[in-house]
Amino acid sequence: MTWLLLIIYILTIITAVIATALVLFWESSLIFTRAPFIPSPAVIAPEIIDALELDENSVLYDLGCGEGHVLLAGKSKQPKAKFVGIERSWVPYLAAKYKAREDGRNLEFIRSNFFKCDLSPANRVFVYLFPGLMNDLLPKLQKELKPGTRLVSCDFEFKDKQPVKIIDLNRPKNSLGRRLLIYQF
Ligand SMILES: C[S@@+](CC[C@H](N)C(=O)[O-])C[C@H]1O[C@@H](n2cnc3c(N)ncnc32)[C@H](O)[C@@H]1O
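Quick look at the structure, then. Within every chain, residues take consecutive numbers counted from 1 along the sequence as written. Given that the model is predicted, a residue must reach a pLDDT of at least 70 before its local features are reported, and side-chain atom pairs must reach 80 or more before they are shown or counted; all residues, however, enter totals for whole chains, interfaces and linings. Here the side-chain values reflect all heavy atoms present in the structure, with hydrogen atoms and water set aside.

1. Description of a nonpolar patch on the surface
Like charges are joined within 9 Å and nonpolar side chains (Val, Leu, Ile, Met, Phe, Trp, Tyr) within 5 Å, but only among residues with over 30% relative accessible area and no salt bridge; these make up the patches. Residue-level accessible areas treat just the shown protein chains as cover; the underlying method is Shrake-Rupley with a 1.4 Å probe. Should a side-chain nitrogen of Lys or Arg be within 4 Å of a carboxyl oxygen of Asp or Glu, the pair is scored as a salt bridge. Taken together, the side chains of Trp3, Leu6, Ile7, Tyr9, Ile10, Leu11, Ile13, Ile14, Val17 and Ile18 make up a nonpolar region of the molecular surface, amounting to roughly 1000 Å² of accessible area. To qualify as a helix, a DSSP run of H or I must reach at least 4 residues; to qualify as a strand, a run of E must reach at least 2; elements of each kind are numbered from the N terminus. Structurally, Ile10 is set in helix H1 (residues 2–31). Its relative accessible area of 43% is what places Ile10 among the partly exposed residues. Per-residue accessibility, obtained with a 1.4 Å probe over protein chains only, is compared with the maximum for each type, and a residue is labelled buried under 20%, exposed over 50%, and partly exposed between these values.

Okay, structure coming up:
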């Protein structure tokens with residue numbers, strides 16, 4: 001009986017240590033990024049994909065792809081296009097890899113900082129990033145993206161670039177994902 005209690009006690013401590021480590025791991029992914037992992041609402045994924053105007057030759061980059069739901073929605077609409085997600089935080093990155101485990105063709109997740117990645121293969125880009133990060137990213141986008149690349153931003157705009165179109169998603173006030181801004185590079 002004493003042994004049983006001891007084993008239960010040890011297992012409880014191990015579980016508590018693992019849970020604490022996971023929470024710290026998750027929190028660190030929020031602390032060290034200027035755009036924490038807050039997924040765009042799943043209900044607007046079809047509108048995002050429509051706004052991107054994907055075709056068979058599209059190469060869509062989601063910069064800060066989270067758990068990859070936008071790319072997965074794009075892939076189900078246009079399976080022949082190519083999809084690349086770049087995500088710096090481990091937790092959403094691993095979630096994306098897991099969600100895509102059965103259909104990895106044309107779909108790649110890269111765990112990296114998008115400032116360090118070559119973005120030139122993209123001809124479609126999706127971002128859901130805070131304005132400060134968007135503005136820091138603009139020079140790199142202007143340098144690397146091919147002329148004609150279409151970028152869709154959820155909610156936030158660049159300070160120094162005008163959108164060609166703004167789509168109001170008619171969502172309730174104070175909800176996330178209320179508009180899409182379309183940019184042409
Ligand atoms: C607001 S979430 C959006 C997630 C996803 N795009 C979506 O629509 O659901 C922003 C994501 O960008 C990631 N991120 C922020 N800065 C990054 C960077 N420099 N490189 C790669 N990922 C970054 C964060 O970890 C976070 O998961």
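2. Looking at the pattern of salt bridges
Counting across every chain of the model gives 7 salt bridges. Close ionic contact of Arg150 with Glu53 constitutes a salt bridge, the shortest N to O distance being 3.5 Å. Of this pair, Arg150 sits in strand E5 (residues 150–154) while Glu53 is found in the loop between helix H2 (45–52) and strand E1 (59–63), placing the two residues 97 residues apart along the sequence. Between Lys99 and Glu67 there is a salt bridge whose closest N-O contact spans 2.4 Å. Residue Lys99 is found in helix H4 (residues 90–99), and its partner Glu67 is found in the loop between E1 and helix H3 (69–77); the two are separated by 32 residues along the sequence.

3. Structural notes on the packing of H2 against H3
For helices, the fitted line uses only the C-alpha atoms of the stretch in contact; every axis is such a line through C-alpha atoms, and the angle between N-to-C directions lies from 0 to 180 degrees. Across the interface, H2 lies against H3 with an axial gap of 9 Å and an inter-helix angle of 65°. H3 is crossed by H2, and the crossing has right-handed handedness. Only His69, Val70, Ala73, Gly74 and Lys77 of H3 make contact with H2, whose side of the interface consists of Ala45, Ile48, Ile49 and Asp50. In the contact of H2 with H3, the residues fall into 5 nonpolar, 2 polar and 2 charged. If you view the pair so one helix is near and one far, a crossing is left-handed when the near helix is turned anticlockwise from the far one by less than a right angle, and right-handed when it is turned clockwise. Any pair of residues with heavy atoms lying within 4.5 Å of one another is described as a contacting pair. Classification convention: Asp, Glu, Lys, Arg as charged; Ala, Val, Leu, Ile, Met, Phe, Trp, Tyr, Cys, Pro as nonpolar; all other residues, Gly among them, as polar.

These values are about where atoms sit, not about what they do.
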